[in-house]
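Breakdown of the fold
The primary structure of each chain is shown beneath.
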Amino acid sequence: ALSGSGVAALAGALARGGLPRLKSLQLYHTHLDTVGVEAVAESGKRGLRALESLSLHGNSFATAGVDALADALRGGAFPQLKRLVLPGQ
């Protein structure tokens, strides 16, 4: 399983332009924590411009992680996103 810190490292690489045409990112059941979700949200602001599907279900993160995603989306992150799956869905 990919740890929360591993997800944060992956998100950092994606934010720097790694995989610019990535359309689907499935991070379910990866022990993703709030810091990892915040990093994913940040990657959507600076990279992942083609991402259409983001799945984060099966993880446990605080409301702050959801808030970070919402703020990022309102700010124009993930402009092509059509599907977002959060824990509990």
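Residues numbered from 1 in each chain as written. Predicted model: local features only at pLDDT ≥ 70, side-chain atom pairs only at ≥ 80, totals over all residues. Heavy atoms only, no water.

Over its 13 residues, helix α2 (residues 34-46) runs 19 Å from end to end, which matches the ideal 18 Å to within 8%, given 1.5 Å per residue. Of all the positions in α2, only Thr34, Gly36, Val37, Ala39, Val40, Ala41, Ser43 and Gly44 are classed as buried. Positive backbone phi, at 55 degrees, marks leucine 48, one or two positions downstream of α2. (Helix = DSSP H or I, 4+ residues; strand = E, 2+ residues; numbered from the N terminus. Expected span 1.5 Å × (residues − 1). Buried < 20%, exposed > 50% of the residue type's maximum accessible area, 1.4 Å probe, protein only.)

The next subject is the sheet that holds strand β3 (residues 83-85). What the three strands build is an open sheet, ordered β1-β2-β3; its pairing is parallel. Of all the strands in the sheet, just β1 (24-26) and β3 have a single pairing partner and so form its edges. Geometrically, the sheet is characterised by an average inter-axis angle of 0 degrees between neighbouring strands, direction not taken into account. The pairing of strand β2 (residues 53-55) with β3 spans three bridges and is classified as parallel. Bridging from a neighbouring strand, leucine 54 pairs with leucine 84 of β3. (Pairing = 2+ DSSP bridges. Axes fitted to C-alpha atoms, helices over the stretch in contact; angles between N-to-C directions.)

Below, the discussion takes up the environment of leucine 27. Within the fold, leucine 27 resides in the loop between β1 and α2. Judged by its relative accessible area of 4%, leucine 27 is buried. In this structure, the C-alpha to C-alpha distance between leucine 27 and arginine 83, residues 56 residues apart in sequence, is 13 Å.

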